[in-house]
Structures are given as C-alpha cells and as structure tokens.
Amino acid sequence: MPQITITYDPRGTYLPEHGLEPSALAKLGPQLIAARDDVLADAQLWADGVEPALNKRPLDAGFHHLPERLLAEYQTKGHESEVGRIIATANRLSAVVDRAVLLGIGGSYMGARALLESCCHPYYNEVSRDARDNRPRISFEGNNVDNDALAGLCDLLPTAIAPGDVSNRWAIVVISKSGGTLETAAAFRILLARLRDSLAGNLAQLPELVVPVTGDSGKLFDLATALGCREIFPVPDGVGGRFSVLSAVGLLPAAIMGLDIVQLLEGAVAMNEHFRQAAVGKNVVLDYTGICHLLETQRGCNIRLLSTWGKRLEAFGLWYDQLLSESLGKRERGAVPITVVNTRDLHSRGQQHQEGKRDKLITNIIVERGNSTPLAIGKSELNQDGLNELAEKTIPQVLAAATAGTNQAYRDDNRPTANLRVPAINEFVMGQLFQMFMLATVLEGRLIAINPYGQPGVEAYKKNMNAILRETASDGV
Ligand code: PA5
C-alpha cells in the first residue's frame, strides 16, 4: 500500500499572541476522532445503501471510497472497466482531434482545470503537438455566461474540417451531473451546432466527437442518447458535483491531457488509508481541520488563505474555494476560503495579510521540487540591475527565500501560518491533495454540525434567472 507523501506542519500557529497553545490540537483530539468516526460511518452507510437519518440528508458520501472502487474494477475488468473505457476514449479522441473543448461549471469544471494547471506543461496549449505527447489542446467553456469568451473560442474552432486532418479537428466533452445547468447547456447547443456544420457531409462522425459525462437520466443524457454518442460516462449517484473530481468528471479530462489517472486514484486511496489510521498529531486531515477549526473558534480567524507558491496550484486553490464555500457556507456559518499565488500576490494582498485584521489563517502549500531544471539568474556585463551578486542563485532558491522570509515576517507579528509540504507535483500527489481536502471538508462539517453535502443556496439565482428568461422568451418554448 503506497504511503502519503504530504506533510502538514502547524507550528507557525503556535504563537504567544493571537495564536494557539501547542497543546490545543491534542485537547481537540477526542472531538476530531468522533467526527472521523462519523465520516467513516457515513461512507459505510452509503456503501450499504442504508437510508440516512433525516438530519444527514442529503448524504453524498459516495466520493469517499470511489477511488478504491474504480481501481478494483480496473484490476478485475481491465479495458472493460470504467477506468479502462476512460483511457480508451481519451486515446481515441487524442488520435483524431487537436482540441478538446471541455464544457462544465462548478464541480464539473474546476477539478479538470486544477489538473491541467498542476500536472501539464505551463504553456500546454501553446507548445507543439509533439511536446503535448500528441494530446489535444484543452479549452474550457460553459463555465460562465460570457459572450466575448464563447465567441472568442468559436474564432479558434475550424469551421470546415477536412477528413483526416487532425490539426483542424476538435471534439466536445460536455460535463454536467444534473444535465440541466443553463450555462453549460447553452454553450453546448451553440458549439454542437458549430461542430455539426464543420463536419459538412460527415455527420456520422458527430457522435464520435461528442463525449458526455452526466447522470443516468436528465436532459443531457436524453440529448446524448438522441445524438447516439458512442460513450456516455456516468457521474455516480451519491457523488456531489464538487466531490466528483475523481470520477469521470475529472478523470476523462485528465486522461485526455495524457495524465496517469491510475496514479491519481492511488494517491486518493493512500490518503483514505492515512485518514482512517493515523493518530491526531500525525494525521494531515485531522490536524489541518483541527487547526483551522481552533483558529476560527478561538481566535476569530474565519478567513482561510491557501497560499500557493508558484502558479501550478492556483486552480487547485480555486477548486478548494468552491468546495469549502458550497459545503460549509450554510446557516450563516462557514469560513471564507481565499486562494493566493505568491510571490505574485505579495504585491497585491501582502500588505493586508501582514498588517490587516487578525482574521486570517495562512496555509502555505510548498512544493519542494519543481518539474524543470532550475534556472540561474546568471552574470551579465549589463549589471545596472545589480543582480551579478546573485548570479549563482536559481529561481527556486529565490522562491524558497521569499517563502521563508514571508513566514518569518508573519511569525514576528504573531500572524498564524501552517505549512503543507508536497515533494513534487504529479498525479499521485494531486490525488492525495484532492482527497485530503474533500475529507477535511466533510470532517469539519461533522465537527460543527453543518451538513457538507447539498447546496440549497445555489438554487435561488437559477430559479430567478430561468423565470426572467422565460418571461421574455420570444418563441414561448
Ligand atoms: O458542487 C456542485 O454540485 C455544483 O457546484 C455543481 O458542480 C455545479 O452547479 C454544476 O452542476 P452540474 O454538474 O449539474 O451541471
């Protein structure tokens, strides 16, 4: 069984003023263990198909053991399993198209974007097809209502596709659990019409170039069936949108990008095992949740800054922003998540973090080793910038100095920080991170008696928007 490679160090929160006593986490231990038991029992209840008690509904605990289930099925059924079919479809698409347009919003979008930004080339769409390992470019749409953005994408999509010319061909992956989300559905209709037109006489290809990921009923399912789509991938029952990154919702896009989805799932399995076994003080999920909870309840730190050092994890942070906001932002409670990218944001938000209100806990995600050769600043005869004395220093060394210097400045002013360290960014680590933050979110929900599942507050705007649109609809349909 692979071990987790993430570590969590909360010592920067143990401060003489405005911080915690070093013994605080251990004192919270029994409550954290009780909440963990609750989360484990939820997963079991869900697996056994037992109807949950009223105060636990909805209970979308299906995400918890989804990685184990998918891997077990892959081991026994190979290419006929869901993972096997995802890999085959991703390979098929990669061989015939040079752009995959991924349509989806919220939980049907943010995980795939986090995977692209964390694990792929930083300029993925701009490097050659060879450098992309013959994988298609990725474009995200249907995640907003933005005419200029959608029209801008249309400008990039060839309108006449010569058969066999991969460089001009594109496909649509449309992801919506409910199948009825207007942002995604409207973009899908517009782009489907465009794809159909671009195929001219070859309409038989359309069902090959549209791959839906959706529930097993609903408008998108019906539309995909009517189109005769070759594959329709499921969003399993009992897996909520923002908990679905390790289902086909995130796995199909990841496989299209050429990522190793088995490693992603194995990272999540390792985190599940660690969550279940490790004691308070050594358990990254229990400790992270405990420290966040203690600082919020004892020190009023209801703003949680996830501070990523370098750009690769920004979209992961945005994925977590959604996860925490939609899961715990209920009944006038729930901490406010904010993702910052440093050093970039030290030049925009840094002043407030250093001297603003004492309502923030900063969790750094520190990546110990980048994926590329360190670049040195280098000597130059044009030394007007005075950088020759730092000529030997590399960009990772500059980043490490910035991280240490920033943490020290916060500590000097009794501003709590914690460090989450990962050895490098790869699929195994991303699987751990996704699962860690999903588990931490449901754990905290159980700790503070807020149901982390469901998002009743999101329905209000949808209802109003649809009513307004239908009042003014010209054809009355
Ligand atoms: O977490 C959630 O359930 C939401 O953020 C959904 O993912 C989002 O609203 C998109 O829904 P759907 O996948 O049904 O289109």
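Just above, that's the structure.
Notes on the structure in this doc start here.

Focus on helix 2 (residues 66-77)
For an α-helix, the turn length of 3.6 residues means that residues three or four places apart are oriented alike. Compared with an ideal rise of 1.5 Å per residue, which puts twelve residues at 16 Å, helix 2 spans 16 Å between its outermost C-alpha atoms and is within 8% of the ideal. Where helix 2 is concerned, the buried positions are Leu66, Pro67, Leu70 and Leu71. Burial along helix 2 is one-sided: seen end-on, the buried residues are contained in an arc of 125°. In helix 2, those exposed residues whose orientation departs by more than 90 degrees from the buried face are Gln75 and Thr76. Buried residues in helix 2 make contact with helix 3 (82-96), helix 9 (248-256), helix 10 (261-277) and helix 15 (427-448).

Describing the sheet that holds strand 4 (residues 170-176)
In spatial order, the strands read 3-2-4-5-6; together these five strands make up an open sheet with parallel pairing. If you trace the sheet from one side to the other, it starts and ends with strand 3 (137-141) and strand 6 (233-234), each paired once. Both strand 5 (residues 210-214) and strand 6 contribute to a ladder of two bridges, which runs parallel. Residue pairing for strand 6: Val213 is matched across the bridge by Phe233.

As for the sheet that holds strand 7 (residues 303-309)
On the basis of which strands lie adjacent, the open sheet formed by five strands has the order 1-10-9-7-8 and mixed pairing. Of all strands in the sheet, those with a lone pairing partner are strand 1 (7-9) and strand 8 (336-342), marking the two edges. Neighbour to neighbour, the strand axes of the sheet diverge by 20° on average, direction disregarded. Relative to strand 9 (residues 360-369), strand 7 is paired through six bridges, and the arrangement is parallel. Bridge assignment links Leu305 to a residue of strand 9, and that residue is Ile362. Across the face of the sheet, helix 11 (residues 284-299) comes into contact with strand 1, strand 7 and strand 9 while running at roughly 30° to strand 1. With respect to the sheet, helix 14 (residues 395-412) is in contact with strand 7, strand 8, strand 9 and strand 10 (417-424), its orientation differing from that of strand 7 by roughly 155°.

Basis of the calculations
Residues numbered from 1 in each chain as written. Predicted model: local features only at pLDDT ≥ 70, side-chain atom pairs only at ≥ 80, totals over all residues. Heavy atoms only, no water. Helix = DSSP H or I, 4+ residues; strand = E, 2+ residues; numbered from the N terminus. Expected span 1.5 Å × (residues − 1). Buried < 20%, exposed > 50% of the residue type's maximum accessible area, 1.4 Å probe, protein only. Arc of directions from axis to C-beta. Contact = heavy atoms within 4.5 Å. Pairing = 2+ DSSP bridges. Axes fitted to C-alpha atoms, helices over the stretch in contact; angles between N-to-C directions.

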